[in-house]
Structures are given as structure tokens and as C-alpha cells.
Amino acid sequence: VNLYKAEFYMAESYRALDRLEQACDCYANVIQFGEGSFVELSMLNFANLSYRLERWDDAFGGYKSLYNSAQLENNTYSALTGMMRSAYKGHDWTQALVNADRVMNDVRSDESVKTEADYIKAKSYLATSRRDEAFAILERLAKDVNTDYGAEAAYMLILDSYDKGEFEDVETKVYAFADAGSNQTYWLAKSFIVLGDSFVERGDN
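Keep in mind that this is a model prediction, so the values were computed, not measured. (Residues numbered from 1 in each chain as written. Predicted model: local features only at pLDDT ≥ 70, side-chain atom pairs only at ≥ 80, totals over all residues. Heavy atoms only, no water.)

A. Region of the structure containing helix α4 (residues 56-69). Between its first and last C-alpha, α4 extends 20 Å over 14 residues, near the 20 Å set by a 1.5 Å rise per residue. Those residues of α4 that fall on the buried side of the exposure criterion are W56, A59, F60, G62, Y63 and L66. Viewed end-on, α4 has its buried residues packed into an arc of 165°, placing them on one side of the element. Pointing more than 90 degrees away from the buried face of α4 are the exposed residues D57 and N68. For α4, the elements touching its buried residues are α3 (37-52), α5 (73-89) and α6 (93-105). (Helix = DSSP H or I, 4+ residues; strand = E, 2+ residues; numbered from the N terminus. Expected span 1.5 Å × (residues − 1). Buried < 20%, exposed > 50% of the residue type's maximum accessible area, 1.4 Å probe, protein only. Arc of directions from axis to C-beta. Contact = heavy atoms within 4.5 Å.)

B. Here's a closer look at the pattern of salt bridges. Applying the stated criterion across every chain, the model contains 13 salt bridges. As a salt-bridge pair, E116 and R85 come within 2.7 Å of each other at their nearest N and O atoms. One end of the pair, E116, is in helix α7 (residues 111-127); the other, R85, is in helix α5, and 31 residues separate them in sequence. Among the residues examined, R85 registers a relative accessible area of 27% and is labelled partly exposed. One salt bridge connects D118 with R140, and the closest N-O pair in it is separated by 3.0 Å. Note that D118 is positioned in helix α7 and R140 in helix α8 (residues 131-141), a separation of 22 residues in sequence. One network of salt bridges, with partners in common, ties together E73, D106 and R108. (Salt bridge = Lys/Arg side-chain N within 4 Å of Asp/Glu carboxyl O.)

C. Summary view of the layout of surface pockets. By volume, the largest pocket is sized at about 170 Å³. Forming the boundary of the largest pocket are E139, A142, K143, V145, A154, L157, I158, K173, A176, F177 and A180. Secondary-structure elements contributing two or more residues to the lining of the largest pocket are α9 (148-163) and α10 (167-179). The class makeup of the residues in the lining of the largest pocket is eight nonpolar, no polar and three charged. (1 Å grid on protein atoms, 1.4 Å probe; cavity = no way out; pocket = protein on both sides within 12 Å on 5 of 7 lines; lining within 4 Å. Points joined across faces, edges and corners; volume = space filled by probe spheres on them. Nonpolar A, V, L, I, M, F, W, Y, C, P; charged D, E, K, R; others polar.)

D. Geometry of the packing of helix α2 (residues 20-33) against α3. For the pair α2 and α3, interaxial distance at closest approach is 9 Å and the crossing angle is 150°. Overall, the two elements α2 and α3 adopt an arrangement that is roughly antiparallel. The hand of the α2/α3 crossing is left-handed. Here α2 contributes L20, A23, C24, Y27, A28, V30 and I31 to the contact with α3, which in turn contributes F38, V39, S42, M43, N45, F46, L49, S50 and R52. (Axes fitted to C-alpha atoms, helices over the stretch in contact; angles between N-to-C directions. Parallel < 35°, antiparallel > 145°, perpendicular 65-115°, else oblique. Left-handed = near helix turned anticlockwise from the far one by under 90°.)

E. Up close: the side chain of S182. Looking at the secondary structure, you find S182 in the loop between α10 and α11 (185-201). Separated by 2.5 Å, the side chain of S182 and the backbone oxygen of V145 make a polar contact. In contact with S182, other than residues within four places in its own chain, are V145, N146 and F177. (Polar contact = N/O pair within 3.5 Å; in protein donor to acceptor, adjacent residues only side chain to side chain.)

F. Region of the structure containing α6. In this model, α6 (13 residues) spans 18 Å end to end at C-alpha, consistent with the 18 Å of a helix rising 1.5 Å per residue. Within α6 the residues assigned to the buried category are A96, L97, N99, A100 and V103. Tucked into the core, α6 has its buried residues touching α4, α5 and α7.

Structure follows, in C-alpha cells:
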């Protein structure tokens with residue numbers, strides 16, 4: 001009768017020992033045969049550990065099960081953000097977009113999570129050749145180049161101008177990025193590389 005409780009505590013022990021695969025196996029048994037709060041917590045931990053293991057399909061399935069059955073509001077929200085992130089990481093662009101919209105419309109989402117959801121929408125649109133929708137979001141994100149998402153968005157807009165042969169726009173955008181005083185040096189450096197390429201394209205060695 002209490003076998004699932006033993007499985008749960010075995011899972012917790014494996015998790016504490018960082019033996020994540022064994023922990024997942026035990027949590028899966030609790031989900032299948034257990035009851036009550038043990039099942040809900042096992043769903044959450046199974047999904048989180050699957051995400052850490054980069055098993056994106058397992059993570060998404062775990063979060064989806066949790067979302068559909070959770071009694072605790074915090075777990076419902078964790079499941080929602082988990083579905084968005086695992087779908088995106090697993091290149092399930094349709095589910096990434098669906099759940100990013102859900103996250104953005106959820107009153108529990110703060111600005112940082114909404115920005116992440118916006119970023120996921122932009123990248124998912126790009127992956128599905130919906131460029132106009134993607135770049136509308138990137139323009140919005142690029143207004144704050146002090147965040148990683150905003151700096152990457154600024155770089156992607158610069159790269160897009162380069163790809164279109166709009167080399168003067170590249171120059172304008174790179175200098176604006178630099179003048180903004182962003183601490184995101186990685187994306188700024190990549191932008192200057194594109195600027196150098198644009199000078200070469202114009203024969204300005």
C-alpha cells in the first residue's frame with residue numbers, strides 16, 4: 001500500500017545525490033502508482049529533472065501533466081512556464097508559441113518572464129519563417145540593450161540589415177548600440193564584426 005511512498009523517498013534521495021536519471025525513474029513510478037500530494041510533487045520534480053537532463057519531450061510531458069492536474073497554484077504556474085521553455089528548447093515551435101502567449105497573458109507573470117516569453121515568440125516565429133512577426137517583437141526587445149534578450153535582438157536587427165545589403169543602416173544601428181552603454185559586450189562585439197564586414201562589402205578597407 002505504501003510502496004509509492006518508498007519510491008518517492010528513494011527519488012528524493014537520488015536527487016540529493018545528483019543521480020538524476022534514477023530519481024526520474026522513481027518519480028515516474030510514483031506518478032503512475034501513487035496518490036495525493038506525492039503525485040503532484042513527483043510530477044514537478046520529474047519535469048524539472050528532465051529539463052536539467054535536456055530531455056525536452058519528457059520535460060514538456062511532465063509539465064503538461066502537472067498543469068492539467070495540479071492543486072497548488074504555484075505548481076500550475078511552474079508547469080506553464082516549464083511547458084513554454086521545454087517546448088522552445090525541444091524545437092516544438094507551435095507549443096512554444098501557444099505557451100508563450102499563455103505566459104504573457106497570465107497575471108502572475110512579471111516583466112522579466114514576459115520579456116523571456118516575447119523572446120521565445122520571436123525566435124519561434126523566425127524558425128517558422130514568420131519574419132514580419134518575429135522582427136516586430138525584436139524591434140520592441142531591442143529598445144533595452146542592457147538585457148541579454150534586448151542585446152541579442154539588437155544584434156539580429158543589425159545582421160538583418162547586413163543581409164539585406166543596407167550597410168548604412170548597419171553602421172547607424174551598431175553605433176547606436178555602442179552609444180547606449182550596454183554591458184552586453186558579447187552581442188556588441190558580434191555587432192562590430194558585422195560592421196567590419198559591411199565596410200568590406202562597400203570596399204572601405
